[in-house]
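# Structure at a glance
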Amino acid sequence: MKDVVLAGVEKTYSATSGGSGVPAVRGVDLTIAAGEFFVLLGASGSGKTTLLRCIAGLEAITGGEIRIGAMTVASGNRVVPAVRRNIGMVFQDYAIWPHMTVGENVEFALRHARSGSLRGDAAKKRVLEVLEVVGLEEFVDRGSTYLSGGQQQRVALARAVVAKPDVLLLDEPLSNLDARLRANMRKELRRITSELGVTSIYVTHDQIEALVMADRIAVMRHGEVLQVGTPEEIYRTPADLFVGEFVGEANLVPGRVLSDASSPPECDEDQRFVAVETPYGTMTALAGTGATPGERVRLLIRPESLHVCHDGSAPLAPGWNAVTGLVRGADFAGAHTELTVDVDGVELRAQAHSFDAVSVGSPVTLTVGAQWVIALGDHPTATSPGPAAEEKSLVERPQ
Amino acid sequence: MVLSGPRTGTVPRQRQLKPSPEARRARSRSVSGAWIAGIITVILVCVPLIVLLWSSFSVSKTGLPFGAGSHFSLSNYKRVFTDGKLVRPIVNTVVFVVGSLAVGLLISIGIATLIERTSLPLRNVVFALVVAPVAMPQVVAGIAWGLLLDPRIGLINQMLQVIPGVHSPGPLNAGSLASITVVEGFMLVPFSLLLVAPVVRSTSGALEEAAVVTGAGRRARMTKIVLPLMAPGLLAVLVYQFVTAAQAFDIPAVLGLEKGTKVFSTAIYSALNPAVGVPDYGLANGMSVLLLVFALIPMYWYYRMVGRSERFAVITGKSYRRRPVALRGAAKWAAFVALAGYVFFVVILPLFILLWMSVQPFYATPSISALSRIEFDAYHRVFTVSSFISTVRNTLILGALAATFVCVIATMNSWLLLRRRGFFGRLIDVFAFITHGIPGVVLGVSLLFVSLTTDSHFHLGLYGSMPLLVIGMVIVCLGLTTRITTAGMGQIHRNLEDAAEMCGAGWLSRLRSITVPLMSPAIANAWVLTFAYALSNLTLTVVLASSKNRVVAVELYTRWNFGDVQTAAALGLLLTVVSVGATVAARRFTSHKEIRHG
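A brief structural summary. Because the structure is predicted, anything quoted here is derived from the model rather than measured. (Residues numbered from 1 in each chain as written. Chains lettered and ligands numbered in written order. Predicted model: local features only at pLDDT ≥ 70, side-chain atom pairs only at ≥ 80, totals over all residues. Heavy atoms only, no water.)

So, on to the environment of Gly197(A). Relative to the helices and strands, Gly197(A) resides in the loop between α5 (179-196) and β9 (199-204). Taking the C-alpha atoms as reference, Gly197(A) lies 30 Å from Lys11(A); in sequence the two are 186 residues apart. (Helix = DSSP H or I, 4+ residues; strand = E, 2+ residues; numbered from the N terminus.)

Spelled out as C-alpha cells, the structure:
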C-alpha cells in the first residue's frame, strides 16, 4: 500500500505529420493517499485513461513527475518501465488471454511478479486464494473464453491483485457489463479492494459509479483536473457549471448577483451566501466560484432538492426559496415521478413522491433551502481552452 | 524513437535512468530483440542492392565486380544501351509484359464477373479450380506447357492438326514470344482472380442499389458508378501484376531460352550462363540495375496506393447483398462452355500431360497403344538415386530454414510496425514490402556479387552455398510473410500485451507467452506458404546454383533442358503435390484455428 503523487503531469502526443502535438493531459497535480479508492471521472476524450496509462507506465509522460511511495517512476528524464512499477491493472475489455485457463491467467502474473516470482505449489495455493476472494475458485481449470463478462471481470481483477501490487489501476472495468451486474460488481470491487487494502485508481465516465464507489473523485476535462473532492463535495458544491452538470441532473436558473446575504439558520457560519436576482425574483444561494456582486451567474439546483407542494402547504422556513408554477409534465419513474414545472416561462425539473397525485396542469409550489442552491459564474471557465473545445464538451457530455 | 532508446528488462535500474532528451520522448517500454530483427531486415534488403549498384559502376580486368584492378566506369551501362543484341530482349519484354497482363487480367475479370454477378451453376467449384494452380510451381507449369505446345508432338498441336489444312509442325510453337506471353498470362490468372473477385463483388452490389434508386441507364451506371468504383481496385491489381510480369523468369526460361526467345530477366541469366564462353558479369550487372528500377518504381506507387487503401475497406470489407443476374439460354451455355474450356485446357490438361509423360519412356501422344508402355522408372529413380536424395534433402532444408527465419523476422517486423508505431517501424515495413519489387533474377545477381566479393576478401565460402540460398529465399519471402504476420498481429488487441506488461512480463516473455501463441494461425500460415514457395522457386535457385546447393527446381530445369522429360515430369508432379498439399494445409490453419479473443 503506497501513495501516488502526480506533480504537473503532462502528456502530449507527438504530431503524426507536421503541426503541433495533441495535449492529452495538461499539468495534473494529484495526491492519492495510501489505501484510498480514488476515481478519475470524465467524458471520453477527457484524458483520464491517458493519465491512468501514464501512471501504469504504458505511456511516457512528456512533463512533470509521478511518484509511487518513495520511488519516482517518471519525471522529465527518468522512466521506470511498467514491468518494474509493481502495479496491477484491470482493463476495460478485461484483456483476459484467451489461450490460457483462468488459473494460468492468474498464475502468469505471479510468475512475473516484481516482488519475487512464485512457482509450483506455492503459486497454485496463492492463485486459489485470490480466486476464492473473487469467487471463482471452481473455475481455475476453465478455459477463459468460456466465461461470462462478469466472470472475466473477476479473473482480470484476480490477475491484477495476485502479486500484491502497491497500486491497483482500473480502466472503466464495469462499462461492458449490464446494469444489474454493474451494480453488484461495484460493491464487490469495493469489498475486494478494501479487503486487500490496496491503493486503487479507478477511471470511469459514469458519474453514478464514481459517486457510489469513490473515497475521492477528480473530475477531468480536456486533460485537466477541474475539481478534486469527496463524492458529496463534488455533488453538492461543484466547482463550476461543467462539474455540476456532469455529476448529476441539474436545473440551471440564470441570474445576477445583487449582494452578499446573511447565512440562513442551520447553515455553517463559514459558508458565504449571496442574494441573486432571477426571473422568479430574488433568491438566496450558496456562493460558488465566480459569484461576486454584479456578476452573471447560474443557480444550480438538483431536481431532488426541490420540495414539491401541491396542496398550498409550503413549509417556508427562513432562508428558503419558493417559486410557484404549473406542472407541464409528469413522468412516472417507479420510485418517484419526474415533474417538469413551468415557472414564469422557465422549466424546472423536480421529483415528487410517486404516491403523490400530481396532475399535469395543476399549480405547484417548489421550495428549496438556500444551501442547496449554488450560484456559479456563468461564463466559460477560465481553464477551458476556447470556444471550439467548449462546443466539443457539450457534445461529449452524457445525457 | 531513436536507436539509442532500447532498454531491456534485465539492465540494472540506474542504467535505465538516462537523462537524455531522447529518453524523455522515449516510451518506457523495453525493446531489444525486435530492433535486431528490424536491422536485419534493412541489411538483408540494402546490402545486396548496394553491392549491385556499386559494382555496376566498376569494371575490372577479370570481369568480376571488385576484381583485380577494378575502377569506376559507366561502361556497364553503356554496353546495355549500345549492345545490339539487347534490342530484341527489350522489345520482347514490352510485348511479354503488356500481352501477359492483358491475357491474365481480361480472363480474371471475365471469370470474376461470371462468378460474382451471375447465377451460373457450380460457381464455387469453378472458382476453386481456377485458383488452384496458384500452388503449382511455375517451372512445372512451364514444362507442362512445353509438352502441350511442342510444334511436332505437343498434344494441343496434334489436336489442331486434325483441322484440314493444318500440318505438322505447328501451328503453335512453345518457344515463340506469343506462346510464352499467353502462358505467362495464364500464370497470372489465379492470383489476379483472388484480387479482382472482391472488387467485382462489392461494386456489383453498388450497381444494383444505384439501379434500384435512380433507374439510370445501363451505360450511365457503368461509366458513372461501376467503373469509377472499380478503378482503384483494378489499378492496384494491374500495378501489382505488372511487377510480377516484369520480373517473371520461370516461363520464359523454360519455354523460350532454348529457342532463343529472351526477355529481360532471361537475358540477364544467359549473360551469366552463356552457352559458350565466360560469364559476362558486367552486362548482367547493368541490366539488373535497369530491371530493378523498372520493377521498383511501380512497386513504390503500389505501396502508397495500398497504404492509403487499407481504407479500401469500402471495396473489400462491406458486404452487399448479392443479386445475381440470371443468364438465359445461349448466353448461359456460352459462358459455361468458356469456363469449362478454360478449366480443361489451362488447369487439367497440363497436369494430365505431366502425369502421362512421367510414366512414358519417351514422347508419345496419349493413346490406347501407348498405355502398354506405362512404367514407373522415373519415380523409382527419384527415390533411390543418391544425388536425387541429396537434392530433395537440400530442398527441404532450404524450405524449412528459410520459412523459419522469415517467420521470426516477419513477426518482429510486425511488432515494430504495430506496437512501436514509430518512424523506424514504418521504414522497416517499407523495406519488407520492397522485397516483392526486387526481381528474383536481380536479387540472384546481387547475392552472387555479394558472395563473390566476400569470398575473395574474407574466404567465407558463400558462393554457391546453401546459406546463401537461404538468405536469398528469406529476402524474397519477407514482403509477403510480413503482410501475413502483420494482419495476424493486427487482430490481437494491444491490451492483451499491455496486461502482460502490467503483470511484470518483459518484452520477450510477452511475445513468447501472449502474442505468438495468439497469432499462431497466421505464423503457421506464413511458414507453410514460404516453405511451399521456397520449394517451387526456380529464379533464385538457378542463378545461385552450384553442385553444393542443388535443389529440386534446378534439377527439374536441368533435366528438362537435357531432354530427360520423364524424370522432369515425375519430379514436377511430386513437387506440385507437395506444394498444393502445403497450401491446402495453410488454408486449413487459417480457417479452422481461429481463436476467439477475450
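Here the focus is the pattern of salt bridges. All names here are of chain A. For the coordinates displayed, the defined rule picks out 24 salt bridges over all chains. Across the salt bridge formed by Glu129 and Arg126, the nearest N and O atoms sit 3.1 Å from each other. One end of the pair is Glu129 and the other is Arg126, both in helix α3 (residues 120-133) and three residues apart, which spans about a single turn. Relative accessible area serves as the criterion here: at 37%, Glu129 is assigned to the partly exposed category. Across the pair Asp215 and Arg190 runs a salt bridge whose closest N-O atoms are separated by 2.9 Å. You can see Asp215 sitting in the loop between α6 (207-213) and β10 (216-221) and its partner Arg190 sitting in helix α5, a full 25 residues away along the chain. Here Asp215 falls in the partly exposed class, since its relative accessible area comes to 31%. (Salt bridge = Lys/Arg side-chain N within 4 Å of Asp/Glu carboxyl O. Buried < 20%, exposed > 50% of the residue type's maximum accessible area, 1.4 Å probe, protein only.)

Moving on, we get to the layout of surface pockets. Residue and element names in this part refer to chain B. Taken as a whole, the second largest pocket spans an internal volume of roughly 550 Å³. The wall of the second largest pocket is formed by 23 residues, among which Lys262, Ala267, Ser270, Ala271 and Pro274 lie closest to the centre. Secondary-structure elements contributing two or more residues to the lining of the second largest pocket are α5 (87-117), α12 (264-272) and α25 (552-562). Looking at the lining of the second largest pocket, the element that brings in the most residues is α12, giving four residues. Its residues assigned to classes, the lining of the second largest pocket shows eleven nonpolar, six polar and six charged. (1 Å grid on protein atoms, 1.4 Å probe; cavity = no way out; pocket = protein on both sides within 12 Å on 5 of 7 lines; lining within 4 Å. Points joined across faces, edges and corners; volume = space filled by probe spheres on them. Nonpolar A, V, L, I, M, F, W, Y, C, P; charged D, E, K, R; others polar.)

Let us now look at the packing of aromatic side chains. Residue and element names in this part refer to chain B. The full count for this structure, using the stated rule, is 16 aromatic pairs over all chains. Ring centres of Phe57 and Tyr77 lie 5.2 Å apart, and the angle between their planes is 45°; on these two criteria the pair is classed as tilted. A residue pair is termed long-range when its members are at least 10 positions apart, and Phe57 in the loop between α3 (33-56) and β1 (58-59) and Tyr77 in helix α4 (residues 75-82) qualify at 20 residues. Look at Phe57 and you get partly exposed, because its relative accessible area is 27%. Owing to a relative accessible area of 12%, Tyr77 belongs among the buried residues under this scheme. Their ring planes at 80° and their centres at 6.0 Å tell us that Phe186 and Tyr342 sit as a pair that is edge-to-face. (Phe/Tyr/Trp six-rings, centres within 6.5 Å; stacked < 30°, edge-to-face > 60°.)

The subject of this paragraph is the sheet that holds strand β11 (residues 224-229) of chain A. Residues and elements named next belong to chain A. The strand order across the open sheet formed by six strands is β7-β8-β9-β3-β10-β11, and the pairing between neighbours is mixed. Two strands bound the open sheet, and with one partner strand each, they are β7 (87-90) and β11. Direction aside, neighbouring strands of the sheet carry axes that sit 20° apart on average. Note that β7 and strand β8 (residues 167-171) share four bridges and pair parallel. Each residue of the ladder has a partner; that of Ile87, found in β8, is Val167. (Pairing = 2+ DSSP bridges. Axes fitted to C-alpha atoms, helices over the stretch in contact; angles between N-to-C directions.)

Turning next to the pairing of β8(A). Residues and elements named next belong to chain A. Where burial is concerned, most of β8 is hidden: five out of the five residues are buried. Residues of β8 alternate between two faces, with Val167, Leu169 and Asp171 on one and Leu168 and Leu170 on the opposite face, all of them buried. Inspection of the sheet shows β8 paired to β9 by five bridges, in the parallel sense. Its bridge partner being in β9, Leu169 is matched across the sheet by Ile201. For the handedness criterion, the β-α-β arrangement of β8, α5 and β9 is classed as right-handed. (Right-handed = clockwise from strand over helix to strand, strands pointing away.)

Moving on, we come to unusual backbone geometry. Most of the time, phi is negative for any residue but glycine, and the peptide bond is trans. Residues and elements named next belong to chain A. Of note in this structure, Asn86 is not a glycine but carries a positive phi near 55°. Within the secondary structure, Asn86 sits in the loop between β6 (78-79) and β7. Asn86 sits in the buried class, given a relative accessible area of 14%. Positive phi, normally seen in glycine, also occurs at Asp344, with a value near 50°. Here Asp344 is to be found in the loop between β18 (336-343) and β19 (346-353).

Coordinates in, geometry out; function isn't part of it.
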